[in-house]
Amino acid sequence: MNEQWKMNRAVQSIDPKKIEIMELLVNQCRGKNLEDILPDLMAASSRLAEQGIAFTNEETGIIIDALSETMTGQEKQRLSLCFS
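Chains are numbered independently. Their residues run from 1 in the order of the written sequence. With pLDDT at 70 or above as the cut-off, local features in this predicted model cover only qualifying residues; side-chain atom pairs require 80 or more to be listed or tallied, and sums for whole chains, interfaces and linings still use all residues. As a rule here, side-chain values cover all heavy atoms of the structure and leave hydrogens and water aside.

1. Thoughts on the overall build of the protein
Stage number 1. Counting from the N terminus, the helices are the DSSP runs of H or I reaching at least four residues and the strands are the DSSP runs of E reaching at least two. Across its full length, the protein holds four helices and zero strands.
Stage number 2. Counted from the first residue to the last, the protein has its helices and strands arranged as α-α-α-α.
Stage number 3. Principal axes of the C-alpha set define a box for the protein whose edges measure 30 × 25 × 20 Å.
Stage number 4. What makes two residues a contact is simply this: any of their non-hydrogen atoms within 4.5 Å. Across the protein, contacts joining residues at least 24 apart in sequence account for 67% of those joining residues at least 6 apart.
Stage number 5. Working note: accessible area of the protein is about 5,300 Å², and carbon and sulfur atoms make up 49% of it. For the area figures, the Shrake-Rupley method with a 1.4 Å probe applies, and any residue is considered shielded solely by the protein chains shown.

Below you can see the structure in the form of structure tokens.
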């Protein structure tokens, strides 16, 4: 499993709680088709919201990049729209 997303310089400045959720989310969703990961994405967002935390646009981009490694162009576009 590619962990390249963790090498992004921006990850170093992200709150550890967010990184933990990002790791869980990426590991849980990687390789699944878009319809199967949408519930996981929504659950992660809800967990953060309960803690008064939200992903920034940059953090969202990191998640999208990590999840979209194995997706088709159309799936990548749909995933990006889910976070818009």
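2. Comments concerning the confidence of the model for the protein
The predicted coordinates should not be examined in detail at positions where pLDDT is low.
Stage number 1. Looking at any residue, its pLDDT shows the predictor's confidence there, from 0 to 100. The share of residues in the protein with pLDDT of 70 or more is 95%, and the mean pLDDT across the chain is 82.
Stage number 2. Considering each helix and strand of the protein separately, the mean pLDDT is smallest for helix 4 (residues 73-82), with a value of 78, and largest for helix 1 (residues 16-29), with 86.

3. A few points about the packing of helix 2 (residues 34-50) against helix 4
Stage number 1. The interhelical angle for the contact between helix 2 and helix 4, taken along N-to-C directions, is 20°, at an axis separation of 11 Å. The angle between helix 2 and helix 4 places the two elements in the roughly parallel class. Our pair here, helix 2 against helix 4, has a crossing hand that is right-handed. Listed contacts from helix 4 to Leu-34, Glu-35, Ile-37, Leu-38 and Leu-41 of helix 2 are Glu-75, Arg-78, Leu-79 and Cys-82. Convention adopted: a line fitted to C-alpha atoms gives each axis, helices being fitted over their contacting stretch, and angles between N-to-C directions are expressed from 0 to 180 degrees. For this classification, under 35 degrees means roughly parallel, over 145 means roughly antiparallel, 65 to 115 means roughly perpendicular, and everything else is oblique. The crossing is said to be left-handed when, going from far helix to near helix, the turn is anticlockwise and less than a right angle, and right-handed when the turn is clockwise.

4. Here's the deal with helix 3 (residues 57-67)
Stage number 1. Summary of the burial criterion: residues with accessible area below 20% of their type's maximum are buried, those above 50% are exposed, and those between are partly exposed, where the area comes from a 1.4 Å probe applied to protein chains only. Along helix 3, the positions that sit buried rather than exposed are Glu-59, Thr-60, Ile-62, Ile-63, Ile-64, Ala-66 and Leu-67.
Stage number 2. Looking at the buried positions of helix 3, the neighbouring elements they touch are helix 1, helix 2 and helix 4.

5. With respect to the nonpolar core
Note that soluble globular proteins tend to have their nonpolar side chains buried in a common cluster.
Stage number 1. Within the largest apolar cluster, 24 residues are counted, with the highest numbers of intra-cluster contacts made by Trp-5, Met-22, Ile-37, Ile-62, Leu-67 and Leu-79.
Stage number 2. Where this core is concerned, the elements lending two or more residues are helix 1, helix 2 and helix 3.
Stage number 3. Looking at this core element by element, the count peaks at six residues for helix 1.
Stage number 4. Every residue in contact with Leu-67, bar those within four places of it in the chain, is listed here: Leu-25, Val-26, Cys-29, Arg-30, Ile-37, Leu-41 and Leu-79. We define a nonpolar core as any set of buried Ala, Val, Leu, Ile, Met, Phe, Trp, Tyr and Cys residues linked to one another through side-chain atoms lying within 4.5 Å.

6. Some remarks on the side chain of Glu-75
Stage number 1. Note on placement: Glu-75 falls in helix 4.
Stage number 2. For the buried Glu-75, which has no salt bridge, the nearest side chain bearing the opposite charge is Arg-78, at an N-O separation of 5.9 Å.
Stage number 3. Setting aside its immediate chain neighbours within four residues, Glu-75 contacts Asn-33 and Leu-34. A residue counts as positive if it is Lys or Arg and as negative if it is Asp or Glu; His and the chain ends are not included. Here, a salt bridge means any side-chain nitrogen of Lys or Arg that lies within 4 Å of a carboxyl oxygen of Asp or Glu.

7. Structural notes on the packing of helix 1 against helix 2
Stage number 1. Interaxial distance between helix 1 and helix 2 falls to 10 Å at its minimum, and their mutual angle equals 170°. Judged by the angle between their axes, helix 1 and helix 2 are roughly antiparallel. Residue-level inspection shows Lys-18, Ile-21, Leu-25, Gln-28 and Cys-29 of helix 1 in contact with helix 2, the latter providing Ile-37, Asp-40, Leu-41, Ala-44, Arg-47 and Leu-48.
Stage number 2. Asp, Glu, Lys and Arg are counted as charged, while Ala, Val, Leu, Ile, Met, Phe, Trp, Tyr, Cys and Pro are counted as nonpolar; the rest, among them Gly, fall into the polar class. Grouping the constituent residues of the contact of helix 1 with helix 2 by class yields seven nonpolar, one polar and three charged.

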